[in-house]
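Given next are the chains, with one letter for each unit.
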Amino acid sequence: FPWYGLTAAALATSWAFYFPFLTLGFADDDVGRRLVLTLGWLVAGVALVLHGRKRGEAVIRDAGFAFVAMAVGKALLYDTTHLNGTLRVAGLAGAGLLMLGGAWLSTRTAPRSA
């Protein structure tokens, strides 16, 4: 269970640090800062899924899927309502391409059974 606890702690901690980042006025004129956490979670999730599949450890892979699920949920429920125009389309397209690329790499690096 350590990976599940670590995943929950990492998600909660990153979310907690994200709010001061958003509310302290960092990059105040750029609404693209809302995508930082989404893309960070997505990159971490894809990396964990690939690492878990390479090592054959389902727990690490599941932790990666939790990050990906949180990123997709935030992208669909929060980012699409707070971003507009080109940035919304670019954010969703970038997230989709990263997930597709991760899925493609995951099938290439999957352990082969004899």
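Residues numbered from 1 in each chain as written. Predicted model: local features only at pLDDT ≥ 70, side-chain atom pairs only at ≥ 80, totals over all residues. Heavy atoms only, no water.

## Overview of helix 2 (residues 35–55)
Next up, step 1: In a regular helix each residue adds 1.5 Å, so 21 residues correspond to 30 Å; helix 2 covers 30 Å between its end C-alpha atoms and thus fits that length.
Next up, step 2: By the burial criterion, the buried members of helix 2 are Leu35, Leu37, Thr38, Trp41, Leu42, Gly45, Val46, Leu48, Val49, Leu50 and Gly52.
Next up, step 3: Positive backbone phi, approximately 75 degrees, marks glycine 56, located one or two places after helix 2. (Helix = DSSP H or I, 4+ residues; strand = E, 2+ residues; numbered from the N terminus. Expected span 1.5 Å × (residues − 1). Buried < 20%, exposed > 50% of the residue type's maximum accessible area, 1.4 Å probe, protein only.)

## Some remarks on the environment of tryptophan 3
Next up, step 1: Its location among the elements puts tryptophan 3 in helix 1 (residues 2–23).
Next up, step 2: Expressed as a C-alpha distance, the spacing of tryptophan 3 and valine 59, which sit 56 residues apart in the sequence, is 6.6 Å.

## Focus: the pattern of salt bridges
Next up, step 1: In total, this model carries two salt bridges according to the counting rule given.
Next up, step 2: With its nearest N and O atoms 3.7 Å apart, the salt bridge here joins aspartate 62 to arginine 61.
Next up, step 3: Take aspartate 62: its relative accessible area is 30%, and that puts it in the partly exposed class.
Next up, step 4: The exposure class assigned to arginine 61 is partly exposed, which follows from its relative accessible area of 25%. (Salt bridge = Lys/Arg side-chain N within 4 Å of Asp/Glu carboxyl O.)

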